[in-house]
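# What the coordinates show
Next come the chains, spelled out residue by residue.
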Amino acid sequence: MKPSMVFFLCSYFIRNYVQASNNSKEDILYFGWFLNETSSTSIESYTNQIFNRLDTEIPAVNIFFSSLGQTIDPLTYFSKPLDPNTGKRDPYFHITTKFCGGNENCSEYESRVKSYLGKRFRIDILGLFFTPRTFGLRVNLTIEQMEIFEKMTEDACAVTRLSSIHINNYPGIEFNPQPMNFQPTNSRAHVTLGCSAQIPAVTTGFDLLEIIDFEVNDTPNKKYDLKNLGILKQFNIENLNNTAFVLYPFDKIVVETTFEGYKIIKKNNAQKISKLPPILLVFFLCISFKFL
């Protein structure tokens, strides 16, 4: 075999090896409003501070976690969902508008929201809630935002903005006063702060819908007035093991987000070929030395 032929064959397989290694497919896993890392860190720091205060000042909260077997640090009971691509802790928070699952056909939804992709939105976060399964923030959407959100309930009304208060300890987020007689949010729009073991993040939205239904039709069995923070209500909801806590703060959080699609990278079957070319490469190199 001529050296030129050996070189050609080796080049062919090397080229195919590189193509196979890089042959991946990006599918949209979900669409949503994404907070940047600075805002996400501030949200986590602020909500952790509130959570610790509730556990310290409200005996019912302490009893709640004790009943779940968590008596030292309630924050370790809930874990933030992992990044699907890296399998590591996701440093960003987001509000999911449409879950595609990587398999579901979201082309119709994507066409509907295409003009919004990359656009920045100010999102109002009205309160905090936690159940035996999930820990989250409830979000109130404007009329424009409801057009993007894949809703399961009736449309929400836009909230009139009040004067903004910046708190230096939490960069990237603002705190705006809100009237305590505001109507409960009526969509499952939320930020998942954490879930208990083996509970998927999608459960947070379902828990919030249970809470919304109870807010409208029932009264809380207990109510706590927290100085300089807000009102904490405890609901006995049967589907949530008879316990759900909802915080109605005096100040809502306003945060900047970007509407995007989260892409998950899938390696296809062509990657399996990538293990074959090095073996063939050695084979052809041996032949070349024999016939040179």
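The coordinates are above.
How each quantity is defined
Every chain's residues receive numbers from 1 upward, in the order its sequence appears when written. The predicted origin of the model limits local features to residues at a pLDDT of at least 70 and limits the giving and counting of side-chain atom pairs to 80 or more, whereas totals for whole chains, interfaces and linings rest on all residues. Note that the side-chain values use all heavy atoms of the structure and ignore hydrogens as well as water. Secondary structure counts use DSSP, requiring at least four H or I residues in a row for a helix and at least two E residues in a row for a strand, with both numbered from the N terminus. For a helix, the expected span equals 1.5 Å multiplied by the number of residues minus one. Throughout this description, buried means an accessible area under 20% of the type-specific maximum (1.4 Å probe, protein chains only), exposed means over 50%, and partly exposed covers the range between. By definition, residues are in contact when any of their heavy atoms lie within 4.5 Å. Any cysteine sulfur atom paired with another within 2.5 Å is treated as part of a disulfide. For Phe, Tyr and Trp, where Trp contributes only its six-membered ring, two rings pair if their centres lie within 6.5 Å, and the inter-plane angle classes them as stacked under 30 degrees, edge-to-face over 60, or tilted in between. Note on criteria: charge over ring means Lys NZ or Arg CZ within 6 Å of the ring centre, with the direction from the centre no more than 35 degrees off the ring normal. Note on geometry: axes are lines fitted to C-alpha atoms, helical ones only across the stretch in contact, with angles between N-to-C directions running from 0 to 180 degrees. Convention used here: angles under 35 degrees read as roughly parallel, angles over 145 as roughly antiparallel, angles from 65 to 115 as roughly perpendicular, and any remaining angle as oblique. Gly falls in the polar group here, along with every residue not listed as nonpolar (Ala, Val, Leu, Ile, Met, Phe, Trp, Tyr, Cys, Pro) or charged (Asp, Glu, Lys, Arg). Only buried residues count toward a nonpolar core, which is a set of Ala, Val, Leu, Ile, Met, Phe, Trp, Tyr and Cys residues joined through side-chain atoms within 4.5 Å.

## A few points about the environment of Asp124
Structurally, the position occupied by Asp124 is in strand β3 (residues 120-130). Through-space distance from the C-alpha of Asp124 to that of Glu174 is 9.6 Å; in sequence the pair is 50 residues apart.

## Comments concerning helix α6 (residues 203-217)
Its 15 residues place the ends of α6 22 Å apart at the C-alpha level, agreeing with the 21 Å of an ideal helix rising 1.5 Å per residue. Among the residues of α6, those classed as buried are Thr203, Thr204, Gly205, Asp207, Leu208, Leu209, Ile211, Ile212, Phe214 and Glu215. For α6, the secondary structure elements touched by its buried residues are β3, β4 (134-140), β7 (190-195), β9 (230-235) and β10 (244-249).

## Side note on the state of the cysteines
Inspection of every chain in the model, using the stated rule, returns one disulfide. Linked covalently through their sulfurs, Cys100 and Cys106 form a disulfide whose S-S length is 2.1 Å. Residues Cys100 and Cys106 are joined by a disulfide whose S-S torsion is about -125 degrees; by sign, that bridge is left-handed. Comparing Cys100 with Cys106 shows no difference in burial state: the two are buried.

## What about the packing of aromatic side chains?
Using the criterion set out here, one finds 22 aromatic pairs in the structure. Pairing Phe51 with Phe130 gives two aromatic rings, centres 5.0 Å apart and planes at 85 degrees, and the pair type is edge-to-face. Of this pair, Phe51 sits in helix α2 (residues 37-57) while Phe130 sits in strand β3, and the two are 79 residues apart along the sequence. Judged by its relative accessible area of 0%, Phe130 is buried. Ring centres of Phe64 and Phe245 lie 5.5 Å apart, and the angle between their planes is 70 degrees; on these two criteria the pair is classed as edge-to-face. Of the two residues, Phe64 is situated in helix α3 (residues 59-67) and Phe245 in strand β10; the sequence distance between them amounts to 181 residues. In terms of burial, Phe64 and Phe245 fall into one category: buried. Grouped by ring-pair contacts, the aromatic residues Phe51, Phe64, Phe65, Tyr77, Phe78, Phe130, Phe135 and Phe245 constitute a single cluster. The ring of Phe93 is capped by Lys80, whose NZ or CZ atom sits 4.4 Å from the centre of that ring. Above the ring of Tyr248, the side-chain terminus of Lys233 is found at 4.8 Å from the ring centroid.

## Concerning the packing of α2 against α3
With their axes 5 Å apart at the nearest point, α2 and α3 run at an angle of 100 degrees to one another. With respect to α3, the element α2 is oriented roughly perpendicular. Residues Phe51, Leu54, Asp55 and Glu57 of α2 touch α3, and the partners they reach there are Pro59, Val61, Asn62 and Phe65. Grouping the amino acids of the contact of α2 with α3 by side-chain chemistry returns five nonpolar, one polar and two charged.

## With respect to unusual backbone geometry
For residues that are not glycine, phi is negative in most cases, and the peptide bond is trans in most cases. Here Gln198, not a glycine, exhibits a phi torsion of approximately 70 degrees, which is positive. With respect to the element layout, Gln198 can be found in the loop between β7 and α6. The class of Gln198 is exposed, set by a relative accessible area of 78%. With phi around 65 degrees, Asn228 is a residue other than glycine that occupies positive phi space. Along the chain, Asn228 falls in the loop between β8 (222-226) and β9. Judged by its relative accessible area of 68%, Asn228 falls in the exposed class.

## A look at the nonpolar core
Within the largest apolar cluster, 49 residues are counted, with the highest numbers of intra-cluster contacts made by Trp33, Ile43, Phe130, Leu232 and Phe259. Formed by 10 residues, the second largest nonpolar core is a distinct cluster that contains Ile211, Phe235, Ile237 and Tyr248.

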